[in-house]
Structure formats: C-alpha cells, structure tokens
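Fold and geometry: a report
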Amino acid sequence: ESAKEALGIHSPSDEFGWIGKMSGKGLENGLVESGKGAVAAAKKISKDVVKASKEAFDKSVDQIDERKYYNKLSLAEELESWEDLQKRYKAGTEERKKADREVYRVKQDLIKAEEDAEKKAFDHSSSWIEEKKYYNQLSLAEELAAWERVQARYKEGTEERKRADREVYRVK
C-alpha cells in the first residue's frame, strides 16, 4: 500500500516487473558492449603471442645458421638443435613445417657423410693393401686376412662389402 501511494500507481508488481525487465536489458546491453572490447583484447593478445612465437623461431634459426656458418656445429649437433626446435611447435604450423624439412635435410646429410666416410675408409684400406702387395710386403695369407678384416667392417649388400667380397674371392 505504501508503494502504491508513494509512486502513485495502481499495481506495484507490474511496475517492479517492468523495472526488473529493463534492468536485465540494461545488463545485457552492457555485457554486449564490454564483450566487444574483451574480444578485441583477446584478438590482440593472440596476435602478439603468434608474433612472439615467430620471432623466437626466427631467432633460433639465426643461431643455428650462425653456428653452422662458423663450423661450430657438427651435423649431429645441428640435427639435435632442429629436433629441439621441432618439439616446440605444433604440427602443421609454418614453423614446424620448416623444422621438419630441416630435420629431414640434416638426416640426409648425415647419411651421405656416413657413406662418404665408409667409402674413404674402404679406399684407404684398399690402397694400403695394394701398396703392400706392390712392394711384396704381404703374403697371400696376409692379403686374405687384410681383405677379410675389411670385409668384416661393412654390412652385407653395401658397395664396399661387395668389393671386399670380390677381393676375398680373388685371393682365395
């Protein structure tokens, strides 16, 4: 009764209902407006994180390249550096794709370096045997033993192993 008289209204429940609806509508409008700012802030933060991530990746790549340029990084160390970098980035990102390509490249370089080292070692052994034979410093038994040692160092199927097998066969 006192609300009716103070406000000069017939039905306070209708009036307070209307005030409640308008309060809710005002709250909704306020949340929508402030939400736009929150979305903009989230987008900015996301862009900043992506930018920082790319800068960190580029800095790591520069460090790897710098150490490679001055021969302060072996192939094994380079591979380890790229694999560490690879782990930091999610599959499918540009940074991860580049790291994946570099890991593949370095692994191929390591395989080639190993093959080259095997060929060089074989050529060295072969030259040693040939030189000793030329000066008659190896008997047939010693030559056979030398080729069998060479043969034992290489995996079956490799070119070096095939050459050593032929030499063992020839000497026998």
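So, a few notes on the structure that sits alongside this text. (Residues numbered from 1 in each chain as written. Predicted model: local features only at pLDDT ≥ 70, side-chain atom pairs only at ≥ 80, totals over all residues. Heavy atoms only, no water.)

**Observations regarding the overall build of the protein chain**
Formally: Secondary structure follows DSSP: runs of H or I at least 4 residues long count as helices, runs of E at least 2 residues long count as strands, and numbering of each begins at the N terminus. We call a residue buried when its accessible area falls under 20% of the maximum for its residue type, exposed when it is over 50%, and partly exposed in between, using a 1.4 Å probe and counting protein chains only. Whether two residues are in contact is decided by their heavy atoms, any of which lying within 4.5 Å being enough. Values of accessible area rely on a 1.4 Å probe in the Shrake-Rupley scheme; residue burial ignores everything except the protein chains shown. Counting rule applied: Lys, Arg positive; Asp, Glu negative; His and chain ends not counted. Charge positions come from single atoms, namely NZ of Lys, CZ of Arg, CG of Asp or CD of Glu.
Counting secondary structure elements, the protein chain contains six helices and zero strands. The helix and strand sequence of the protein chain, counted from the amino end, reads α-α-α-α-α-α. With respect to the principal axes defined by its C-alpha atoms, the protein chain has extents near 130 × 35 × 20 Å. Taken across its 172 residues, the protein chain has 20% of its residues classed as buried. Sequence-distant contacts in the protein chain: of pairs separated by 6 or more residues, those separated by 24 or more amount to 49%. Total accessible area computed for the protein chain in this model is approximately 13100 Å², and 54% of it derives from carbon and sulfur atoms. Positive and negative charge centroids in the protein chain, built from 36 and 37 side chains respectively, lie 2 Å apart.

**Overview of the packing of helix α4 (residues 94–134) against helix α6 (residues 159–171)**
What counts is decided by this rule: In this analysis an axis means a line fitted to C-alpha atoms, helices contributing only their contacting stretch, and an angle means the value between N-to-C directions, from 0 to 180 degrees. Any angle from 65 to 115 degrees is called roughly perpendicular, while one under 35 is roughly parallel, one over 145 is roughly antiparallel, and all others are oblique. Crossing chirality is assigned from the near helix's rotation relative to the far helix, an anticlockwise turn below a right angle marking it left-handed and a clockwise turn marking it right-handed. When residue character is reported, Ala, Val, Leu, Ile, Met, Phe, Trp, Tyr, Cys and Pro are called nonpolar, Asp, Glu, Lys and Arg charged, and the others, Gly included, polar.
It is the contact of α4 with α6, at a shortest axis distance of 10 Å, that shows an interaxial angle of 20 degrees. The orientation of α4 relative to α6 falls into the category roughly parallel. In the crossing of α4 with α6, the sense of the turn from one axis to the other is left-handed. Here Glu115, Glu118, Lys119, Phe122, Asp123 and Lys133 of α4 lie close against α6, whose contacting residues are Glu160, Arg163, Ala164 and Arg170. Tallied by class, the residues present in the contact of α4 with α6 amount to two nonpolar, no polar and eight charged.

**What to know about the packing of aromatic side chains**
Heads up, the rule is: Pairing of aromatic rings covers Phe, Tyr and Trp, the last through its six-membered ring, and needs centres within 6.5 Å; plane angles under 30 degrees mean stacked, over 60 mean edge-to-face, and all others mean tilted.
Overall, the coordinates contain five aromatic pairs when judged by the stated rule. Relative to Tyr70, the ring of Tyr69 lies with its centre 4.9 Å away and its plane at 85 degrees, an arrangement referred to as edge-to-face. We classify Tyr69 as exposed; its relative accessible area is 63%. Centre to centre, the rings of Phe122 and Trp147 are 6.1 Å apart; their planes meet at 45 degrees, and the pair counts as tilted. Of this pair, Phe122 sits in helix α4 while Trp147 is found in helix α5 (residues 140–153), placing the two residues 25 residues apart along the sequence. Across the pair, exposure class does not vary: Phe122 and Trp147 are buried alike. Counting every residue linked through ring pairs, the aromatic cluster contains Phe122, Trp147 and Tyr154.

**Some remarks on α5**
Defined as follows: How far a helix is expected to stretch is found by multiplying one less than its residue total by 1.5 Å. The arc refers to the directions leading from the helix axis to the C-beta atoms.
Between its first and last C-alpha atoms α5 spans 20 Å; for 14 residues at 1.5 Å apiece the expected length is 20 Å, and the two agree. Within α5 the residues assigned to the buried category are Glu143, Leu144, Ala146, Trp147, Val150 and Gln151. Down the axis of α5, the sector holding all buried residues measures 160 degrees, keeping them to one side. Across from the buried face of α5, at angles greater than 90 degrees, the exposed residues are Ala141, Arg149 and Ala152. As for α5, its buried residues are in contact with α4 and α6.

These results come straight from atomic positions and should not be treated as a statement about function.
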